[in-house]
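Structural characterization, general
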Amino acid sequence: MTKVKFFKNNDVLTGFEIKGHAGAGCAGNDIVCAAISSAAQMTANTITEIIGVSAQVEQQEGLLLVGLSAENAKKCRHVLEGLKLHLTELQRQYPHNIMIIHGGVTNAEY
């Protein structure tokens, strides 16, 4: 199961951590994992390459972490909220493969 935590500071999303594999299929054929990975990568790339803000980004096998300062998070608010909405909808469709941990980390700043 993939677990997703969203970080907040004063009710503003400041980043996210996505861990694990969805387990909806074999490696390379898991559509849930592919959907999660694609959305997360697009979000990270949009933040750093399109919006152009500095972010803490850590990527390893089965892990993507993106953290923003409170100031930069305000500039990226809509893209982070879009990711949260997208992953929430995936969780509704595939409740055994993705879990969004609401509350995650509060007052997180990078």
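Residues numbered from 1 in each chain as written. Predicted model: local features only at pLDDT ≥ 70, side-chain atom pairs only at ≥ 80, totals over all residues. Heavy atoms only, no water.

In this structure, the largest pocket encloses a volume near 240 Å³. Lining of the largest pocket is provided by 16 residues; of these, Ser-37, Gln-60, Gly-62, Leu-63 and Leu-64 occupy positions nearest its centre. Where the lining of the largest pocket is concerned, the elements lending two or more residues are β2 (12–19), α1 (31–51), β3 (56–60) and β4 (63–67). By residue number, the principal contributor to the lining of the largest pocket is α1, which donates 5 residues. Taken together, the residues that form the lining of the largest pocket break down as 6 nonpolar, 8 polar and 2 charged. (1 Å grid on protein atoms, 1.4 Å probe; cavity = no way out; pocket = protein on both sides within 12 Å on 5 of 7 lines; lining within 4 Å. Points joined across faces, edges and corners; volume = space filled by probe spheres on them. Helix = DSSP H or I, 4+ residues; strand = E, 2+ residues; numbered from the N terminus. Nonpolar A, V, L, I, M, F, W, Y, C, P; charged D, E, K, R; others polar.)

Next up on the list: the pattern of salt bridges. Evaluation of the coordinates by the stated rule reveals 2 salt bridges. Close ionic contact of Arg-92 with Glu-89 constitutes a salt bridge, the shortest N to O distance being 2.6 Å. Of the two residues, Arg-92 and Glu-89 both sit in helix α3 (residues 77–93), 3 residues apart, roughly one turn of that helix. We classify Arg-92 as exposed; its relative accessible area is 59%. Residue Glu-89 is classed as partly exposed on the basis of its relative accessible area, which comes to 32%. (Salt bridge = Lys/Arg side-chain N within 4 Å of Asp/Glu carboxyl O. Buried < 20%, exposed > 50% of the residue type's maximum accessible area, 1.4 Å probe, protein only.)

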